[in-house]
Amino acid sequence: MMIILSSVFFAVLVFLFSRELFGGKGGIISLGVYALSPTILANASITTSDLLCSGFFLLSTWSTWKVLQKITLARIILSSFSIALLCVSKMSFLFFLPVYFVIIFIRIKYGPAMIVKLFSYEKKIKQQSEMLGHILIVVVANLLIIYSTVWAFYGFRYRMGQEYQEDTCQWSTLLASTGNVGKTINVLAENKILPEAFIHGFLSVYHNSQKRYSFMNGAFSTEGFLSFFPYSFIIK
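Residues numbered from 1 in each chain as written. Predicted model: local features only at pLDDT ≥ 70, side-chain atom pairs only at ≥ 80, totals over all residues. Heavy atoms only, no water.

**Focus: the pairing of strand E3 (residues 121-125)**
Taken residue by residue, a regular strand's side chains alternate between the two faces of the sheet. The condition is simple: For two strands to be treated as a pair, DSSP must find at least two bridges joining them. Helix and strand definitions follow DSSP, with helices as H or I runs of at least four residues and strands as E runs of at least two, each counted in order from the N terminus.
Sheet analysis places strand E2 (residues 114-118) next to E3, joined by five bridges and oriented antiparallel. What sits directly across from Met-114, in E3, is Ile-125. Joining the antiparallel neighbours E2 and E3 is a turn of two residues, in which Phe-119 adopts a positive phi near 60°.

**Some words on the pattern of salt bridges**
Here is the rule we go by: In what follows, salt bridge is the name for a side-chain nitrogen of Lys or Arg lying within 4 Å of a carboxyl oxygen of Asp or Glu. A simple rule labels every residue: compare its accessible area, found with a 1.4 Å probe on the protein chains alone, to the largest value its type can have, and call it buried under 20%, exposed over 50%, or partly exposed in between.
Per the stated rule, a full pass over the model turns up four salt bridges. One salt bridge in this structure joins Glu-20 and Lys-66, with 3.1 Å as the shortest N-O distance. With a gap of 46 residues between them, Glu-20 in helix H1 (residues 2-36) and Lys-66 in helix H3 (residues 50-69) connect regions that are remote in the sequence. The class for Glu-20 is partly exposed, based on a relative accessible area of 40%. Classification of Lys-66 as partly exposed rests on a relative accessible area of 23%.

**Let's talk about the layout of surface pockets**
In plain terms, the rule: Put simply, the grid is 1 Å and covers the protein atoms alone, a cavity is a trapped set of points that fit a 1.4 Å probe, a pocket is an open set with protein on both sides within 12 Å along at least five of seven lines, and lining residues have an atom within 4 Å of a point. Grid points are joined across faces, edges and corners, and a volume is the space filled by probe spheres set on the points. Only Asp, Glu, Lys and Arg are considered charged in this grouping, and only Ala, Val, Leu, Ile, Met, Phe, Trp, Tyr, Cys and Pro are considered nonpolar; every other residue, Gly among them, is considered polar.
If you add up the space inside the largest pocket, you get close to 970 Å³. Taken together, 31 residues form the lining of the largest pocket, with Lys-90, Ser-92, Val-205, Ser-209 and Arg-212 sitting closest to its centre. Elements supplying a minimum of two residues to the lining of the largest pocket: H3, helix H4 (73-89), helix H10 (196-210), strand E4 (214-216) and helix H11 (228-235). The element contributing the most residues to the lining of the largest pocket is H10, with seven residues. Approximately 670 Å³ is the volume found for the second largest pocket. What lines the second largest pocket is a set of 19 residues, and nearest its centre among them are Ser-37, Thr-39, Ile-40, Asn-43 and Ser-54. Tallying contributions element by element places H3 first for the lining of the second largest pocket, with six residues. Per-class residue counts for the lining of the second largest pocket are ten nonpolar, six polar and three charged.

**Thoughts on the nonpolar core**
Selection rule: For this analysis, a nonpolar core means a set of buried residues of the types Ala, Val, Leu, Ile, Met, Phe, Trp, Tyr and Cys, connected via side-chain atoms within 4.5 Å. Contact between two residues is taken to exist if any of their heavy atoms lie within 4.5 Å; hydrogens are not considered.
Among the nonpolar cores identified, the biggest contains 48 residues, and Tyr-34, Leu-51, Ile-104, Met-114 and Ile-135 are the most heavily contacted of them. At the level of secondary structure, the elements contributing two or more residues to this core comprise H1, H3, H4, helix H5 (96-110), E2, helix H6 (128-153), helix H9 (179-190) and H10. Once residues within four sequence positions are removed from consideration, Met-114 is found in contact with Leu-68, Gln-69, Ile-71, Arg-107, Lys-123, Lys-124, Ile-125, Met-131, His-134 and Ile-135.

**Here's the deal with unusual backbone geometry**
Residues other than glycine seldom take positive phi values, yet Lys-192 does so here, at roughly 50°. Its relative accessible area of 48% is what places Lys-192 among the partly exposed residues. Even without being a glycine, Asn-217 presents a positive backbone phi close to 50°. Within the fold, Asn-217 resides in the loop between E4 and strand E5 (219-221).

Given below as structure tokens:
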């Protein structure tokens, strides 16, 4: 039930985002494409993280752009929680990082004057250096709220369970097979910077993504197929 409601929520999001960019007709067209998309129809009826990740990716992009146009407390909170929900929905949230910084770059380089309304503080900013200072405040606020929200989703508890057994979680196998990435992530685990389940989940996804059996048009591979997505797009 929740995944169906989520798909409806993201449909509204697609319409609102598109309407803001292209007007009412553009919003209707985008909504129609969303509603008739085979990928949406397939994932809206099963409980997977794919739909949530895609939806929160879009919401994070939109809310980040909005808060950089006009910095308000409500927009800071919305952008922070959107990104936080993206982080806990699927480990591929890391792909949002370059998008986040590209949005900041475009906003500073090509955007119009920035409006800031925080409590009794109001200002219209035109200088890029001053914009950057206010954007850094938004970035810090995003990081603090995202970090707190991730911990909240794991009940502010580090251990995955009360009866913790290292061998069961295969830490040694994951660390050995993930190289420098595993060593870096292990620093987070040793210092308990993030919940253990979150760290373990990330390592597991990274480990499994390095080699996975795949099949396409009669051929097997452990490295995937470059033509998969273009081919699937054309077929669908």
